[in-house]
There are 2 protein chains.
Amino acid sequence: MGEFDLIERYFKRPARRAALGVGDDCALLRVGSGQQLAVSSDMLVQGRHFFADVDPVTLGHKALAVNLSDLAACGAAPLAFTLALALPRVDEAWLAAFSRGLFALADAHGCELVGGDTTRGPLTICITVFGEVPAPGGVSQALLRSGTRVGDDIYVSGTLGDARLALLALRGELRLPDGLLAQTRLRLECPMPRVALGLALRGIASAAIDVSDGLLGDLGHVLRASQLGAAVDTDSVRQLLACDPLTINPPLPAQTLMACVLAGGDDYELAFTAPASARGAVAAAAHASATPVTRIGQIQAQPGLRLVDGNGNQVANGFPSFDHFAQDT
Amino acid sequence: MGEFDLIERYFKRPARRAALGVGDDCALLRVGSGQQLAVSSDMLVQGRHFFADVDPVTLGHKALAVNLSDLAACGAAPLAFTLALALPRVDEAWLAAFSRGLFALADAHGCELVGGDTTRGPLTICITVFGEVPAPGGVSQALLRSGTRVGDDIYVSGTLGDARLALLALRGELRLPDGLLAQTRLRLECPMPRVALGLALRGIASAAIDVSDGLLGDLGHVLRASQLGAAVDTDSVRQLLACDPLTINPPLPAQTLMACVLAGGDDYELAFTAPASARGAVAAAAHASATPVTRIGQIQAQPGLRLVDGNGNQVANGFPSFDHFAQDT
């Protein structure tokens, strides 16, 4: 099968919202009046971001999910995406499964595939996603990394650390019971982007980021963008682990679990800040989007990120942040 | 050097036209009122689209050029782009040279880098480019592959076949004199996208495509999109070779030269159609954009693409089109 047949069979669908979809030199998008276009691009490489034997259905899902997560962190409504795909060979069963996972998530978010590229090469997936953010009178309602203020609360959506636990187990670095491995693996391979929460937080959150490289590292980006610091409560953070550590046998060291939560990466939750006066509004946004959120700390004037215990005493922070040039899958 | 330092040092520049550039979860673009956004994405893979030892300055240029060429084929004005880059290692000299070539072309077209991704992996470059096309009253002025009519003239900009000659020489399949190799290699490695011509052809051309996979194959896309056929004059086409075949010693078979012109690929010229009544307007657009164009044939009702000689007699067409799953660099 050639490049054009492959696109025709697995990736070409009639344009719905786009003015022109797959099949010309460019796609054409209409951007609503008074809207800004939010754009994000992520590249997933085999052996780096996923294992060679990963289920192609979940890979198709995840490739788009990590991009939708960036839209969520900006409070942007998904609109469309392009897909560039390097494939070592044409494997029709793989392509059918990959496109099924991809389109299931795309359809759930009304996000339409409008173009892209296919070529032969080491398995690599690059998606660029487009969303809309209202900018009435030219004033953008996008959630940025900058914008947080001293005294703002710090929140995280959902749970953290499961993806890292699954990764460590798949690498053979620890053992998880079968049920727990299946549960955490789903988080690693099939993350659910927090699009609804991002939209609900427009006008409420002062800053936001998606937790892709680990909570501490990603929160660090927010602090640097705002030139501020933070105290993060380890007791609150400990509650963010989705699985019950008591079900892990042999038991894992508390430090390993904490490292998964604070520096695990691949969580695709939202970390965000909001003034203390907005606690009711944050709770309402969480409720409206059916997304649990946990308050984990406070923005401070003193630069740097400090971990504190329940009594406000600082504890050691030896957790690394994820860097795609420092670590492997 | 980590991922974030790398982006900071080589790819982050202050946003000019974009509302928000590199450094947040998403970039934010303003799309002008009454404009549609044209989007295209291309992925270049080492060993497939370029040799491992290619000059990184020209590689940075070409990675963006092939995308700008898609905008040109739509008559879109360049606006911005994202860059996703998988690198086997952090090589600062390589990155400095790559970004120099990239930004030189970007600046020449006022096209701004607004975001992207970097990761470790086999050298792969994925650029998604954004342009604007006026759509007054919702009616797009974009040049599409569809839209051509029976009787329309067929044109090609510039010259064809040089890139393929260089590729064959670099692969050792033929020998070129040093001067000619340098000249044709420049076309292969440093193509100049026909952005100005694309803009000048708005409202004049009935259909357009960029010649990336070979003239016959790309013209075939236009014909299929319009469900029409064409007669292409081999005498006119023969004039499209930039180099003088008499300077090639030992001489190349005429069939090899013709194959380079008709099916070579990597030319990044524009092929377009326009009504015979627009010949003056096409000449004026070519003049205004300082781009030579050659009339090479005519659209016909009978489907299929026929090669004819100067007397209108059909000649054999045994030239393949380029397919990224069928051929190697």
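Residues take numbers from 1 onward in each chain, read along the sequence in its written order. As a convention, the first chain written is A and the first ligand written is 1, with the rest following in written order. Local features in a predicted model are, by the rule used here, given only for residues with pLDDT of at least 70; side-chain atom pairs are given and counted only at 80 or more, and totals for whole chains, interfaces and linings are based on all residues.

1. A short note on the interface of chain A and chain B
At the interface, 54 residues of chain A touch 54 residues of chain B. Counting from the N terminus, the helices are the DSSP runs of H or I reaching at least four residues and the strands are the DSSP runs of E reaching at least two. Where the side of chain A that touches chain B is concerned, the elements lending two or more residues are β1 (27–29), β2 (35–45), α2 (56–74), β3 (77–87), β4 (112–120), β5 (124–134) and β7 (207–211) of chain A. Three residue categories are used. Nonpolar comprises Ala, Val, Leu, Ile, Met, Phe, Trp, Tyr, Cys and Pro, charged comprises Asp, Glu, Lys and Arg, and polar comprises the others, including Gly. A per-class count over the side of chain A that touches chain B returns 27 nonpolar, 15 polar and 12 charged. The sheet contact formed by β2(A) and strand β1 (residues 27–29) of chain B spans three bridges and is antiparallel. When the bridges of β1(B) are listed, Ala38(A) appears paired with Leu28(B). For the purpose of contact definition, each residue receives a C-beta atom placed from its backbone, and two residues are in contact when these atoms lie within 7 Å. Strands qualify as paired when DSSP identifies two bridges or more between them.

2. Section: the packing of α2(A) against helix α3 (residues 92–108) of chain A
Residues and elements named next belong to chain A. Between α2 and α3, whose axes approach to 6 Å, the crossing angle comes to 40°. Between α2 and α3, the interaxial angle falls into the category oblique. As α2 runs across α3, the sense of the crossing is right-handed. Counting all contacts with α2, which are made through Pro-56, Val-57, Thr-58, Leu-59, Gly-60, His-61, Ala-63, Leu-64 and Ala-65, the residues of α3 involved are Trp-94, Ala-97, Phe-98, Ser-99, Arg-100, Gly-101, Leu-102, Ala-104, Leu-105 and Ala-106. Looking at the contact of α2 with α3 residue by residue, the classes come out as 13 nonpolar, five polar and one charged. Fitted lines through C-alpha atoms serve as axes, helices being fitted only where they are in contact, and the angles separating the N-to-C directions of these axes extend from 0 to 180 degrees. When describing relative orientation, an angle under 35 degrees is termed roughly parallel and one over 145 degrees roughly antiparallel, while 65 to 115 degrees is termed roughly perpendicular and anything else oblique. Put simply, a crossing is left-handed when the front helix is turned counterclockwise from the back one by less than a right angle, and right-handed when it is turned clockwise.

3. Observations concerning the relation of the copies chain A and chain B
Alignment of the copies relies on least squares applied to C-alpha atoms, considering only residues that score at least 70 for pLDDT in both. Superposing chain A onto chain B takes a rotation of 180° plus a shift of 0.0 Å along the axis, which leaves an RMSD of 0.0 Å. Each copy turns onto its partner about a two-fold axis. In this assembly the copies share their binding face: 100% of the residues contributing to the interface of chain A also contribute to that of chain B.

4. Re the sheet that holds strand β7 (residues 207–211) of chain B
All names here are of chain B. Across the sheet, seven strands lie side by side as β7-β9-β6-β10-β8-β11-β12; this open sheet has mixed pairing. Where the open sheet ends on each side, the last strands, each with one partner, are β7 and β12 (314–315). Two elements, β7 and strand β9 (residues 269–274), share five bridges in a ladder whose sense is antiparallel. Bridge assignment links Ile-209 to a residue of β9, and that residue is Ala-271. Sheet strands in contact with helix α7 (residues 215–226) are β6 (153–157), β7, β8 (229–233), β9 and β11 (304–308), and its direction is about 155° off that of β7.

5. Points about the domain arrangement of chain A
Residue and element names in this part refer to chain A. Considered domain by domain, chain A is made up of domain 1 (3–138) and domain 2 (153–313). The interface is formed by 19 residues belonging to domain 1 together with 19 residues belonging to domain 2. Residue assignment for the side of domain 1 that touches domain 2 shows that the elements contributing at least two residues are α2 and β3. No other element matches α2, which puts 12 residues into the side of domain 1 that touches domain 2. Each domain span listed reflects an automatic or database assignment of domains.

6. Remarks on the nonpolar core
Most often, soluble globular proteins have nonpolar side chains that are buried together. To count as a nonpolar core, a set of buried Ala, Val, Leu, Ile, Met, Phe, Trp, Tyr and Cys residues must be joined through C-beta atoms within 7 Å. Any residue surrounded by 20 or more other C-beta atoms within 10 Å of its C-beta is treated as buried, while 12 or fewer makes it exposed and the intermediate range makes it partly exposed; C-beta atoms here are placed from the backbone. Residues Leu29(A), Ala38(A), Leu29(B) and Ala38(B) are the most contacted members of the largest nonpolar core, which totals 214 residues. Among residues more than four places away in sequence, those in contact with Leu29(A) are Ala18(A), Ala19(A), Leu79(A), Ala80(A), Val114(A), Phe130(A), Gln36(B), Leu37(B) and Val39(B).

7. Re the environment of Val211(B)
Residue and element names in this part refer to chain B. Within the element layout of this structure, Val-211 appears in strand β7. For Val-211, a count of 26 C-beta atoms within 10 Å gives the class buried. Sequence separation between Val-211 and Val-54 is 157 residues, and the spatial gap between their C-alpha atoms is 22 Å.

8. Here we look at the sheet that holds β1(B)
Judged by pairing direction, the sheet is mixed, and its five strands sit side by side in the order β4(A)-β3(A)-β5(A)-β2(A)-β1(B) without closing on themselves. Strands with a single pairing partner mark the edges of an open sheet, and in this sheet they are β4 of chain A together with β1 of chain B. Across the sheet, the mean angle separating the axes of adjacent strands is 20° when strand polarity is ignored. Together, β2, β3 and β5 of chain A form the strand contacts of α2(A), whose direction differs from that of β5(A) by roughly 25°.

9. As for the environment of Ala200(B)
Residues and elements named next belong to chain B. Relative to the helices and strands, Ala-200 resides in helix α6 (residues 195–200). With 88 residues separating them along the chain, Ala-200 and Ala-288 place their C-alpha atoms 7.3 Å apart. Residues in contact with Ala-200, not counting those within four places in the same chain, are Ala-285, Ala-288 and Ser-289.

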